[in-house]
Amino acid sequence: MVRNRDFYRIYSTFHRYIRNNFLKIGFLVIFAGLLSACENSATETKNKEEGKHVHFLYNFSTNSLDPHVDSSYVPLRAGITETLVRLDEENLTIKPWLAESWEGEDGQHWTIKLREDVKFHNGKQMDAEAVKASLERALKESVAVKNALKIDNIQADGYSLHITNTEPFPEFVSELVNPNVSIIDVTEGNIIHKPIGTGPFALESFTPGSKLELKRYNDYWDGASKLDSVTFSFNEDANARSLALKSGQVDIVYRPEVESLETLKAMDGIKVESTATFRVHQMTMNMQRKSLKDVNVRRAVDALIDRQKIVDTILLGHAEVAQGPFLPSLPFTPKYENGQMEKGTDVAIKHLEKAGYKLKDGKMKKNGEPLKFTLLTYSARADLPLIAQVFQSDAKKIGIDVEIRQIDIPEEYMASNRDWDLATYSNLTAPRGDAGYYLNATYHPNGALNFSGASDPKLTAIIDKLNQTVNQEERATLSEQAANYINEYVINSFVLHPSTIVAYNEDKVKNWVTTRSEYYMITNKLDVK
């Protein structure tokens, strides 16, 4: 009998082989047929033994469940942890979660009232002292959290927190939506492998890089789940994820292979959802590299990106061409009527000529040195390596060599290494319904996701002013100014806004919701029919 994890490993290796030998379809059918009967039988037996069970397959793996530093946000997505406030995705505002209410008229001194009916999975009460300890650990463990929250001190009083910021920061409470500020019992020792949270599901076991086994937490404050258990597993091969759903091994697949969607839609009982989210695929530029310090070179890179072709051929229409980091429907997104630049190889050549480059002997050169780029990408998002290949091909047409380098964890690599020029990267830009998160994280000198090394005094000044502005109309104006400045000086390029695609067994799964923020996945409302 082939176990699920072994199946994923065997299939992933097999798929790479048949793709390289152009025999994908025929061999895939044969391979699926050989294993499906065995796998279906094993899955059915397991489900009967475990009661009401859902198996969720995610596209990113993780080796750590420490919610204060884990960039995959798995503890929150798996329903283990929760934050003080959460995003109201319908109204693009924040609403209470573990916090019941808050006030801070001057934008610097805050009182947060906590719910009094919340227990951690170990049975301990969640009071202000426990939340204070959790927040202080997050500040200690993560420089990004420290920079984002700007907390000077925290005082605990029963079920009330009194927090003072280092400076007036009106949007402080919205930053508490961040999954890295999840509340856990920090007195427990093994936070990396077994965090103790307050969510609807408690962790039973964790196999790093493979899966989590979760069980219902009966004392959950918002009502116990009707599910007995959940398996939250990982596979970074989009083809393997699609096949796992087809063969009945899993019930819900996050981001199946785009090419398989029509086949999935045609299958009885399979539901495919495509939802616009607050995400952008971008071309991150290392501003510390000599060639990219020249805005004309950055404009040439931007001009080479054939966005519509990428949307049509790689995403098969499940995306929207990006003009900037924010979805056009958001109230703080500029119109770009006068600032959107022309595209194409001819335009790119003109920009490069302004930078002193000439196309000679088939190579784009300056002072005899050819223009070359090292382009990072990663396979957990299957479309990013394909975007990198399209860019590589188009750059070659005008004499630019692009070396594509595969990396595993982009945040770790880009933060620790500066031996690259460009990177295909995917980022949530408005998960709090506001531009402040993305602008601070990506463009402020202290930003957690400022992999480009951007440090522009004018842009920083706009962001600093935004951080101290309460009025929503004024915030929208400042956000537009920042986005226009980024567009004018091409501090990173924006390719497309992808839809989040989820496929699931609708004959079994009940109450699944594909969220725009991509934060809330395994909830107490999820059920089976």
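One can find the structure itself at the top, above this paragraph.
As the structure is a computational prediction, the values presented were derived from the model and not from experiment.

### Remarks on the sheet that holds strand β4 (residues 99–103)
An order of β4-β5-β7-β6 is seen for the 4 strands of this open sheet, with the pairing classed as antiparallel. The open sheet terminates on both sides in strands that have one partner only, identified here as β4 and β6 (151–157). Averaged over all pairs of adjacent strands, the angle between strand axes in this sheet comes to 20°, irrespective of strand direction. Here strand β5 (residues 109–114) runs beside strand β7 (residues 160–165); their pairing, made up of 5 bridges, is antiparallel. By the bridge assignment, W110 is partnered in β7 with I163.

### Quick look at a positive patch on the surface
Among the surface-exposed residues, K226, K510, K525 and K529 lie close enough to one another that they form a single positively charged patch. Residue placement: K226 occurs in the loop between β9 (211–216) and β10 (229–234).

### Considering the pairing of strand β20 (residues 422–428)
Most of β20 sits out of view: 7 of its 7 residues are buried. Of the two faces of β20, the one holding L422, T424, S426 and L428 and the one holding A423, Y425 and N427 are both buried throughout. Here strand β13 (residues 279–285) runs beside β20; their pairing, made up of 7 bridges, is antiparallel. Across the sheet, residue M283 finds its bridge partner in β20, namely T424. With 2 bridges connecting them, strand β18 (residues 372–377) and β20 associate as parallel partners. Within β20, the position partnered with L375 by the bridge is L422.

### Some thoughts on helix α9 (residues 295–304)
Of all the 10 residues making up α9, 8 are buried; the element is thus mostly covered by neighbouring parts of the structure. Inspection of α9 places N296, V297, R298, A300, V301, D302, A303 and L304 among the buried residues, and these make up the whole buried set. Two or three places before N296, at the opening of α9, D294 has a side-chain oxygen 2.8 Å from that residue's backbone nitrogen.

### Description of the packing of α9 against helix α11 (residues 345–354)
Each pair of packed helices can be described by the angle between their axes along with the distance between the axes. Two numbers describe how α9 lies on α11: the axes approach to 8 Å, and their chain directions differ by 170°. The orientation of α9 with respect to α11, classified from their angle, is roughly antiparallel. On α11, the residues that touch N296, V297, R299, A300, A303 and L304 of α9 are T345, V347, A348, H351, L352 and K354. Partitioning the contact of α9 with α11 into residue classes produces 7 nonpolar, 3 polar and 2 charged.

### Some thoughts on unusual backbone geometry
Residues other than glycine seldom take positive phi values, yet Y73 does so here, at roughly 60°. On the basis of relative accessibility, which here comes to 13%, the residue Y73 falls in the buried class. In this structure, D361 is a non-glycine residue whose phi angle is positive, near 55°. Note on placement: D361 falls in the loop between β15 (358–360) and β16 (363–366). With relative accessibility at 70%, the residue D361 sits in the exposed group.

### Some points on the packing of aromatic side chains
This structure, assessed with the given rule, holds 20 aromatic pairs. Centre to centre, the rings of Y220 and W221 are 5.6 Å apart; their planes meet at 55°, and the pair counts as tilted. What makes Y220 buried here is its relative accessible area of 7%. Overall, W221 belongs to the buried group, its relative accessible area being 16%. Judged by centre distance (4.6 Å) and plane angle (40°), the rings of Y485 and Y489 are tilted. Accessibility expressed as a relative area gives 13% for Y485, which makes it buried. Over the face of the ring belonging to W97 we find R86, whose NZ or CZ atom lies 4.7 Å from the ring centre. It is R86 that lies over the ring of Y520; its NZ or CZ is 3.9 Å from the centre.

Rules used throughout
- Counting restarts for each chain, with residues numbered from 1 along the sequence as it is written.
- Reporting in this predicted model follows two pLDDT cut-offs: at least 70 for local features of residues, and 80 or more for side-chain atom pairs to be given and counted; totals over whole chains, interfaces and linings ignore these cut-offs and use all residues.
- To obtain the side-chain values, all non-hydrogen atoms of the structure were used and water was disregarded.
- In this description, strands pair whenever DSSP reports at least two bridges between them.
- Numbering of helices and strands starts at the N terminus; helices are DSSP runs of H or I of at least 4 residues and strands are runs of E of at least 2.
- For helices, the axis comes from a line fit to the C-alpha atoms of the stretch in contact; other axes are also lines fit to C-alpha atoms, and the angle between any two N-to-C directions lies between 0 and 180 degrees.
- A patch consists of residues whose relative accessible area exceeds 30% and which take part in no salt bridge; residues with like charges are grouped when within 9 Å of each other, and nonpolar side chains (Val, Leu, Ile, Met, Phe, Trp, Tyr) when within 5 Å.
- In short, Shrake-Rupley with a 1.4 Å probe defines the accessible areas, and a residue's cover is counted only from the protein chains shown.
- Think of a salt bridge as a Lys or Arg side-chain nitrogen and an Asp or Glu carboxyl oxygen that are within 4 Å of each other.
- Note that His is not counted, nor are the chain ends; the positive residues are Lys and Arg, and the negative ones are Asp and Glu.
- A charge is said to be at NZ when it belongs to Lys, at CZ for Arg, at CG for Asp and at CD for Glu.
- Under the scheme applied here, a residue whose accessible area is under 20% of the maximum for its type counts as buried, over 50% as exposed, and between as partly exposed, the area being computed with a 1.4 Å probe on protein chains only.
- Contacts described as polar in this section are N or O atom pairs within 3.5 Å, which, within protein, must combine one atom able to donate a hydrogen with one able to accept it, while residues neighboring in sequence count only if both atoms come from side chains.
- The scheme is simple: roughly parallel for angles under 35 degrees, roughly antiparallel for over 145, roughly perpendicular for 65 to 115, oblique for anything else.
- Only heavy atoms enter the contact rule, under which two residues are in contact if any of them lie within 4.5 Å.
- Note that Gly is not counted as nonpolar here; it falls among the polar residues with everything else outside the nonpolar set of Ala, Val, Leu, Ile, Met, Phe, Trp, Tyr, Cys and Pro and the charged set of Asp, Glu, Lys and Arg.
- Think of it this way: a Phe, Tyr or Trp ring, Trp meaning its six-membered ring, pairs with another when their centres are within 6.5 Å, and the plane angle makes it stacked under 30 degrees, edge-to-face over 60, tilted otherwise.
- Put simply, a charge is over a ring when the Lys NZ or the Arg CZ is close to the ring centre, within 6 Å, and near the line of the ring normal, within 35 degrees.

Remember that the coordinates give geometry; whether it matters functionally is a separate question.
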